Amino acid sequence: MKKENKYMAITYCRVSTDEQVKNGASLQTQERMNISHAQRIGVGIMKIFFDRGESAKSTNRPGLIEMIKYCTKHKKEIQYLIVYKIDRLSRNTGDYIALKSIFAKLGITIISVTEALEDTPAGRFAETMFAASAQMDNETRAERCTNGMKEAILAGRYVWRAPIGYLNSIVNGKPNIILDPQRAPFVREIFEMILKDIYSLEEVRRKINQRGLINKSGTPLSKTYFHKIIRNLLYAGIIAKFGKEYEGDFPAIITKEEFAMVQKIIARGKKKREYKRSNPDFPLAAFVENDQGKKLAGYWTTGN
């Protein structure tokens, strides 16, 4: 924007994903209010920065990072940063104080359209209280969310993103998971192959990929994702969250006993060893037995 005023400002507007859902015009409202306030106090606007669908819990936001870089480059030209409320910058007291320090070093004063921020001991105290209030509000909402998840767990409902083999759904009017008719049989097959105890885990992974199982992003199972599957108690109908285990109110893909047996096989690290009844090096192994009926075994020594 063209620089015509003696004092210049930038403005910053942010909405989280939740705020976008609840109020699609929130960004436009902030932008309009910020520009109107700048005109009212006789300050020109150099640039407007936006963060769409970004949480204020972290300072790792593209719009905020871009704004700091811009201010560093034009630090002698910008006097003010205008925001609708200081919680647009951060909902964490420590982060807000750190951001304020960064802008102060660049010679930029933060102006809130809806809050009175004065450069006096009382004004600075009030500003800190505004930041603390935003943090408390954020933490209170997080606590309510956690309590809601704990209540869901006690009722046996899984309210997080469904792992492969399950789908997120609404059951009896509340969030839960249901079997994925396409992928659940493949997941069952993974555990069945391990229970046979004749394949290495890598062989099982390759076989199930060849059978056509793909993850939700459309790619074959990686080693990391495969190992997450075979160690996930959820497939046995158990929700493991908050350091405890809860009985799930959804269909299990395998039984608890089967899951326990699979974990023992994994822990033992046994790999497939094909039993060759017709090994030419040990011809008697095919039919010679001892008194208990066990077949004769043969192998080459590895020592001296």
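What counts and how
- Residues numbered from 1 in each chain as written.
- Predicted model: local features only at pLDDT ≥ 70, side-chain atom pairs only at ≥ 80, totals over all residues.
- Heavy atoms only, no water.
- Helix = DSSP H or I, 4+ residues; strand = E, 2+ residues; numbered from the N terminus.
- Buried < 20%, exposed > 50% of the residue type's maximum accessible area, 1.4 Å probe, protein only.
- Polar contact = N/O pair within 3.5 Å; in protein donor to acceptor, adjacent residues only side chain to side chain.
- Contact = heavy atoms within 4.5 Å.
- Core = buried A, V, L, I, M, F, W, Y, C linked by side-chain atoms within 4.5 Å.
- Axes fitted to C-alpha atoms, helices over the stretch in contact; angles between N-to-C directions.
- Parallel < 35°, antiparallel > 145°, perpendicular 65-115°, else oblique.
- Nonpolar A, V, L, I, M, F, W, Y, C, P; charged D, E, K, R; others polar.
- Pairing = 2+ DSSP bridges.
- Expected span 1.5 Å × (residues − 1).

Looking at the element boundaries, Glu258 is found in helix 9 (residues 256-268). The exposure class assigned to Glu258 is buried, which follows from its relative accessible area of 17%. A polar atom in the side chain of Glu258 sits 2.9 Å from the backbone nitrogen of Thr255. Not counting residues within four places of it along the chain, the set of residues in contact with Glu258 comprises Arg188 and Leu195.

The next subject is the nonpolar core. The tendency in soluble globular proteins is for nonpolar side chains to be buried as a group. With 38 residues, the main nonpolar core has Ile190, Phe191 and Tyr235 as its most contacted residues. Going through the elements one at a time, helix 5 (121-154), helix 6 (184-196), helix 7 (201-210), helix 8 (223-230), strand 7 (238-241) and helix 9 are the ones with two or more residues in this core. Element by element, the count of residues in this core is highest for helix 6, at 7 residues. Discounting chain neighbours no more than four positions away, the residues touching Tyr235 are Pro163, Ile164, Tyr166, Val187, Phe191, Ile229, Ala252, Ile253 and Ile254. Membership of the second largest hydrophobic core comes to 20 residues, among which are Ile10, Leu89, Phe103 and Leu106.

Here we take up the packing of helix 7 against helix 8. The N-to-C vectors of helix 7 and helix 8 enclose an angle of 105°; their axes lie 11 Å apart at closest approach. When the axis of helix 7 is compared with that of helix 8, the two are roughly perpendicular. Only Lys223, Phe226, His227 and Ile230 of helix 8 make contact with helix 7, whose side of the interface consists of Leu201, Glu202, Val204 and Arg205. Among the residues forming the contact of helix 7 with helix 8, the class breakdown is 4 nonpolar, 1 polar and 3 charged.

Relative to strand 8 (residues 244-247), strand 7 runs antiparallel, the two sharing 4 bridges. When the sheet's bridge partners are listed, Ile239 is paired in strand 8 with Tyr246. Count of turn residues in the strand 7/strand 8 antiparallel hairpin: 2 residues, of which Phe242 carries a positive phi of about 55°.

Between its terminal C-alpha atoms helix 3 (residues 62-73) stretches 17 Å, which fits the 16 Å expected from 12 residues at 1.5 Å a residue. Tucked inside the fold, the buried residues of helix 3 contact strand 1 (8-15), strand 2 (44-52), strand 3 (80-83) and helix 4 (93-105).

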